[in-house]
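Results of the structural survey
Each chain is listed here by its residues.
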Amino acid sequence: MTASSSTSITVETPLSEDMRAMIGELNVTLGSLTPDEANYSMSAEDMDGPETTVFVARVDGRAAACGALHRHADGIGELKRFYSRPQFRGLGLARRILEHVSELAASEGLARLVLETGHNYDAARRLYEQAGFKECGPVLDYPENPYSVFYTRPLTAV
């Protein structure tokens, strides 16, 4: 990317053609890194509902990265579907999407954010730890397994 690249982060439907393609890439990537029994992928249709808000980073109009807030009972927000396409990695897009998700969750009065990620997803784990997430035991209804790592972070209203 060049200094003249235009980057935007907006809420979008996961059902557009380019988002379906990026979600498909994400699912293939996760499938290559995680056994089926520990793979908690979501389809575009799974992501399309009032409980989920999908943020998309675009670089010069191209879908470059995504991440979502999935709301649960008891004031819990779950981070889902964080992904940066390989050619856009290193631009800080996932960090910026995480900031948008955190701001939205706090503005809605959610008490905390949680997530499940793969034990071998080093870049994701660095992102979450740098953003103040702490490793914890299983969250929500995820089972304990050797392939998952769980994180939590309290929120304060903005």
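Here the structure is shown first, and the text comes after it.
Below is a short write-up of the structure. (Residues numbered from 1 in each chain as written. Predicted model: local features only at pLDDT ≥ 70, side-chain atom pairs only at ≥ 80, totals over all residues. Heavy atoms only, no water.)

A separate point is the layout of surface pockets. Counted as a void, the largest pocket has a volume near 960 Å³. Forming the walls of the largest pocket are 40 residues, and the residues nearest its centre are Phe-82, Tyr-83, Ala-123, Ala-124 and Tyr-128. For the lining of the largest pocket, the secondary-structure elements that each account for two or more residues are helix H1 (17-33), strand E4 (76-84), helix H3 (93-107), strand E5 (112-118) and helix H4 (122-130). Among the elements that line the lining of the largest pocket, the one with the most residues is H4, at seven residues. Looking at side-chain class alone, the lining of the largest pocket contains 20 nonpolar, 11 polar and nine charged residues. (1 Å grid on protein atoms, 1.4 Å probe; cavity = no way out; pocket = protein on both sides within 12 Å on 5 of 7 lines; lining within 4 Å. Points joined across faces, edges and corners; volume = space filled by probe spheres on them. Helix = DSSP H or I, 4+ residues; strand = E, 2+ residues; numbered from the N terminus. Nonpolar A, V, L, I, M, F, W, Y, C, P; charged D, E, K, R; others polar.)

By size, the foremost hydrophobic cluster in this structure holds 25 residues, and its most contacted members are Leu-79, Phe-82, Ile-97, Tyr-128 and Phe-133. Mapped onto this core, the elements with two or more residues apiece are strand E2 (52-59), strand E3 (62-72), E4, H3, E5, H4 and strand E7 (148-154). The element that contributes the greatest number of residues to this core is H3, accounting for six residues. For Tyr-128, the contacting residues outside a window of four places in its chain are Leu-79, Phe-82, Leu-98, Leu-115, Thr-117 and Phe-133. Ile-23, Ala-44, Val-54 and Ala-68 belong to the second largest nonpolar core, which has 15 residues in total. (Core = buried A, V, L, I, M, F, W, Y, C linked by side-chain atoms within 4.5 Å. Buried < 20%, exposed > 50% of the residue type's maximum accessible area, 1.4 Å probe, protein only. Contact = heavy atoms within 4.5 Å.)

Without other data, these values stay purely geometric and don't point to any function.
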